[in-house]
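# Notes for the structure review
Listed below, chain by chain, are the residues.
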Amino acid sequence: MTIYLPIAELSVNALLIIGLGGMVGVISGLFGVGGGFLLTPLLILIGIPPAVAVSTQAPQIVASSFSGVLAHWKRRAVDVKMGFVLLGAGIVGSFIGVEIFSYLRELGQVEFFVTLCYVVFLGLVGGLMAFESVSALKRRRNGGLVTSNAAKRRRWIHKLPWKVRFKQSKLYISVIPPILIGFSIGILGAIMGVGGGFIMLPALIYLLGMPTNVVVGTSLFQIVFVMMFTTILHAVENRTVDAVLALLLLLGGVVGAQFGAVLGARLRGEQLRLLLAALVLTVCLVLAFDLIATPSELYSISRIEAG
Amino acid sequence: MNALSKRWRVSWASAALCLWACLSAGLSHAQGADGPMTPFGPAGIPLEERILTGSAQDQVAITATFSGSELFVYGAIARNRFLAVGENSPEIIIVVRGPSSPIMVRKKDRIGGLWMNNEAVRIAAAPSYYAVASTKPLPEILEELDDFTYRISIDRAVLIAGVPFSAENPANFREALIRLKRQSGLYRNTPFGVTLKGGTLYQARFRMPANIIEGDYQVRVFLVRDGRVRDQARIELPVRKEGVERVLYAAAQETPFLYGLLTLLTALFCGWGASELFRLLRR
């Protein structure tokens with residue numbers, strides 16, 4: 001069953017796209033991340049133009065994260081104040097990110113830059129997660145004391161000015177780090193076509209020291225709004241949001257996410273994190289290989305829009 | 001429904017053509033165009049030939065389920081007299097071209113160990129789709145000069161001129177463009193793709209892949225003798241997105257904000273709907 005995508009201007013197998021969306025949905029429900037970091041490279045792999053893949057990712061993330069936010073909201077597991085700080089900074093970041101994206105598109109470096117971003121961030125986050133979960137599993141096996149030097153690492157943050165109280169997170173810290181986190185994730189989201197959950201979660205936990213129970217809800221809250229904004233910006237600025245592609249993806253995605261959530265409840269935290277780390281590192285390695293290995297075709301073509 | 005009626009029209013047209021072809025082949029045989037009997041003298045009247053053309057479709061619609069299309073081009077050669085002994089049939093070349101646009105061709109280089117786009121050449125105009133079919137391979141039937149004048153072969157259709165190049169060897173970039181377009185089925189060259197029956201009736205089929213873009217396509221038919229173009233005919237073939245595709249594309253271009261907003265609302269609704277649905281199912 002083929003379907004013609006009006007913006008990407010090519011026809012794809014609808015079932016393949018729904019399947020991809022579903023698969024990534026399962027992963028996103030399982031790990032509580034948007035899954036953009038997997039879906040965007042996969043879409044590019046099956047021939048969707050990178051610009052379309054990145055911007056169509058945004059509404060897909062909105063859909064799969066929205067149900068999550070609703071669930072967390074009902075459980076009051078969203079730090080609204082922190083969410084808005086992250087959101088405000090995120091929107092500014094997203095705005096700049098879309099501008100950078102347009103500029104890169106003109107230069108013809110979108111593909112390279114997006115891939116490079118992926119390799120760097122997936123490598124960093126995947127490596128960190130693998131390290132953390134392996135040591136957590138080891139500690140559990142040894143039955144030793146859980147010692148964390150996270151607090152020591154966080155000391156410099158407490159020296160920053162403009163302290164604000166975040167009641168739900170039980171934090172009294174400077175607003176500068178949350179603003180910086182929200183801002184950089186806004187930029188990355190627009191450029192890489194990801195929600196940024198896989199970067200935001202570790203950042204909120206390890207850098208800010210937010211309690212785990214509000215982290216996921218707050219991060220989803222921020223992601224949904226930033227991605228809504230990114231969708232509109234990409235639609236207006238680049239005209240690269242493909243509604244048909246988005247619909248197919250999220251049909252599979254929202255269903256997959258629900259299955260993933262059920263599946264996730266049956267696995268232990270550290271195992272889950274180790275699995276996710278392995279997945280992230282695999283994607284990272286595959287993309288890194290693309291950058292390093294000699295490509296079979298050196299040339300590429302792109303249409304120059306009239307005007 | 002639309003596709004079905006189109007298929008009917010195509011098969012209807014080809015049936016009519018077959019009948020026509022049989023009749024005329026029979027006629028020409030009976031009157032001995034190839035044989036010794038020639039009712040009209042060859043010498044007196046100089047041969048004049050005109051080319052007539054038609055296509056089974058007057059437009060191509062890109063609908064949601066579009067998976068490529070086949071274009072059927074047919075026609076006939078009109079003459080002021082029958083061909084005499086020793087006079088060969090002319091050669092026919094048919095060119096289908098899609099809308100042209102400037103194209104950037106980029107070449108990757110290894111920079112600091114990583115492969116990234118480096119040199120770029122702007123091709124002034126390259127057709128989005130280009131198909132050439134002929135009764136014989138082009139070099140055998142067409143002179144360079146006429147190929148150049150009428151811009152017939154793919155090499156003549158892709159224009160590189162008019163821009164300063166930063167690249168060392170811009171010709172390579174043009175070749176790369178043609179190679180890539182060929183690989184995606186957008187540029188095609190089929191020598192022997194045109195069949196000429198009884199020296200008067202011709203037909204050709206063109207495959208238009210699913211990744212064609214919309215715009216005004218043009219079918220040009222050339223009648224060639226002794227390497228020179230003697231007559232040409234053309235028909236316009238609009239390729240348009242239709243139905244949902246049309247609406248969405250127009251919305252994305254003309255009212256991008258509303259389009260983005262509607263896409264968002266759909267996304268929100270689906271996300272909410274799925275979670276509600278699963279909550280109901282789990283009960």
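Structural data are supplied above this passage.
Let me sum up the structure you'll find in this document. These numbers were taken from a predicted model, which means no experiment stands behind them.

Parameters at a glance
- Residues numbered from 1 in each chain as written.
- Chains lettered and ligands numbered in written order.
- Predicted model: local features only at pLDDT ≥ 70, side-chain atom pairs only at ≥ 80, totals over all residues.
- Heavy atoms only, no water.
- Helix = DSSP H or I, 4+ residues; strand = E, 2+ residues; numbered from the N terminus.
- Buried < 20%, exposed > 50% of the residue type's maximum accessible area, 1.4 Å probe, protein only.
- Contact = heavy atoms within 4.5 Å.
- Areas by Shrake-Rupley, 256 points an atom, 1.4 Å probe, with all protein chains shown as cover.
- Core = buried A, V, L, I, M, F, W, Y, C linked by side-chain atoms within 4.5 Å.
- Phe/Tyr/Trp six-rings, centres within 6.5 Å; stacked < 30°, edge-to-face > 60°.
- Lys NZ or Arg CZ within 6 Å of the ring centre and 35° of its normal.
- Axes fitted to C-alpha atoms, helices over the stretch in contact; angles between N-to-C directions.
- Parallel < 35°, antiparallel > 145°, perpendicular 65-115°, else oblique.
- Left-handed = near helix turned anticlockwise from the far one by under 90°.
- Nonpolar A, V, L, I, M, F, W, Y, C, P; charged D, E, K, R; others polar.
- Pairing = 2+ DSSP bridges.
- Salt bridge = Lys/Arg side-chain N within 4 Å of Asp/Glu carboxyl O.
- Buried area = accessible area lost by both parts, 1.4 Å probe.
- Polar contact = N/O pair within 3.5 Å; in protein donor to acceptor, adjacent residues only side chain to side chain.
- Expected span 1.5 Å × (residues − 1).

### Some words on the overall build of chain B
Check the secondary structure of chain B and you find seven helices and twelve strands. Counting the 283 residues in chain B, one finds 47% classified as buried. Taking contacts inside chain B between residues at least 6 apart in sequence as the whole, the part at least 24 apart equals 73%. Accessible surface, chain B as shown: approximately 14600 Å² in total, 60% of it carbon and sulfur.

### What to know about the overall build of chain A
Looking only at helices and strands, one finds twelve helices and five strands in chain A. Counting the 307 residues in chain A, one finds 54% classified as buried. Excluding contacts between residues fewer than 6 apart, the proportion of contacts in chain A whose partners are at least 24 apart in sequence is 77%. Only carbon and sulfur atoms are counted for the fraction: they give 68% of the accessible area of chain A, which is about 13500 Å².

### Points about the nonpolar core
Leu5(A), Phe37(A), Ile48(A), Leu122(A) and Phe198(A) are the most contacted members of the largest nonpolar core, which has 96 residues in total. Residue contributions to this core peak at ten residues, all from helix 5 (residues 110-142) of chain A. Excluding residues within four positions of it along the chain, Leu5(A) makes contact with Leu10(A), Ser11(A), Val12(A), Ile48(A), Asp242(A), Val244(A), Leu245(A) and Glu245(B). The next biggest cluster of nonpolar side chains, apart from the first, holds 55 residues, and it includes Ile62(B), Ile141(B), Phe206(B) and Val229(B).

### Side note on the packing of aromatic side chains
The relation between two aromatic rings is expressed through the spacing of the ring centres and the mutual angle of the planes. Under the criterion given, the structure shown has eleven aromatic pairs over all chains. Three or more aromatic residues link up through ring pairs in this structure, and these residues are Trp73(A), Phe84(A), Phe221(A) and Phe225(A). Positioned over the ring face of Tyr249(B) is Lys241(B), at 3.4 Å from the centre of the ring.

### Brief notes about the packing of helix 5 of chain A against helix 8 (residues 176-192) of chain A
Two quantities define a packed helix pair, namely the angle between the helix axes and the distance between the axes. All names here are of chain A. Axis separation between helix 5 and helix 8 bottoms out at 10 Å; the angle between their running directions is 130°. Overall, the two elements helix 5 and helix 8 adopt an arrangement that is oblique. Judged by the twist between their axes, the crossing of helix 5 over helix 8 is left-handed. Residue-level contacts link Phe 113, Val 114, Cys 117, Tyr 118 and Phe 121 of helix 5 to Leu 188, Ile 191 and Met 192 of helix 8. Among the residues making up the contact of helix 5 with helix 8, the classes are represented as eight nonpolar, no polar and no charged.

### Remarks on the sheet that holds strand 1 (residues 49-55) of chain B
The strands making up a sheet associate through hydrogen bonds between their backbones, and the pairing can be parallel or antiparallel. Residue and element names in this part refer to chain B. Strands sit in the order 1-3-10-9 across an open sheet of four strands; the sheet is antiparallel. The two strands at the open ends of the sheet, each matched to only one other strand, are strand 1 and strand 9 (195-197). Within this sheet the neighbouring strands show an average axis-to-axis angle of 20°, counted without direction. With eight bridges joining them, strand 3 (residues 69-79) and strand 10 (residues 201-208) adopt antiparallel strand pairing. Considered in strand 10, the bridge of Phe 72 is made with Arg 205.

### Re the environment of Leu145(B)
Residues and elements named next belong to chain B. With respect to the helices and strands, the residue Leu 145 is situated in helix 3 (residues 144-150). Classification of Leu 145 by relative accessible area gives exposed; the value is 52%. For the pair formed by Leu 145 and Arg 228, sequence separation is 83 residues and the distance between their alpha carbons is 8.5 Å.

### Observations regarding the pattern of salt bridges
Residue and element names in this part refer to chain B. A complete count under the given rule lists 14 salt bridges over all chains for this structure. Ionic pairing is found between Arg 205 and Glu 70, a salt bridge with its closest N-O pair at 3.3 Å. Taken as a pair, Arg 205 in strand 10 and Glu 70 in strand 3 lie far apart in primary sequence, 135 residues in all. Between Lys 136 and Glu 91 there is a salt bridge whose closest N-O contact spans 2.9 Å.

### What to know about the side chain of Thr40(A)
Residues and elements named next belong to chain A. Assignment of secondary structure puts Thr 40 in helix 2 (residues 36-45). What makes Thr 40 buried here is its relative accessible area of 0%. In this structure, Thr 40 is in contact with Ala 53, Val 54, Gln 57, Tyr 118, Met 192 and Gly 193, ignoring residues within four places of it in sequence.

### Considering the interface of chain A and chain B
Of the residues lining the interface, 54 residues belong to chain A; the matching set on chain B comes to 59 residues. Between chain A and chain B, roughly 4900 Å² of surface is buried when both sides are summed, and carbon and sulfur atoms account for 65% of that area. Close ionic contact of Lys241(B) with Glu9(A) constitutes a salt bridge, the shortest N to O distance being 2.8 Å. Where chain A meets chain B, there are 16 residue pairs in polar contact (both at pLDDT 80 or more).

### Some remarks on the sheet that holds strand 5 (residues 299-303) of chain A
With antiparallel pairing, the three strands of this open sheet are ordered in space as 5(A)-5(B)-6(B). Because the sheet does not close on itself, it has two edges, and the strands there are strand 5 of chain A together with strand 6 (114-127) of chain B. Direction aside, the axes of adjacent strands within the sheet are offset by 25° on average. Against the sheet, helix 5 (residues 170-183) of chain B contacts strand 5 of chain A together with strand 5 (100-111) and strand 6 of chain B, and its axis sits at roughly 75° relative to strand 5 of chain A.

### Section: helix 7 (residues 256-282) of chain B
An ideal rise of 1.5 Å per residue puts 39 Å on 27 residues; helix 7 of chain B measures up with 39 Å between its terminal C-alpha atoms. Within helix 7 of chain B, burial applies to Pro256(B), Tyr259(B), Gly260(B), Thr263(B), Leu264(B), Ala267(B), Leu268(B), Cys270(B), Gly271(B), Ala274(B), Ser275(B) and Phe278(B). Residues of helix 7 of chain B that are buried make contact with helix 3 (50-74), helix 10 (212-237) and helix 11 (243-264) of chain A together with helix 6 (244-254) of chain B.

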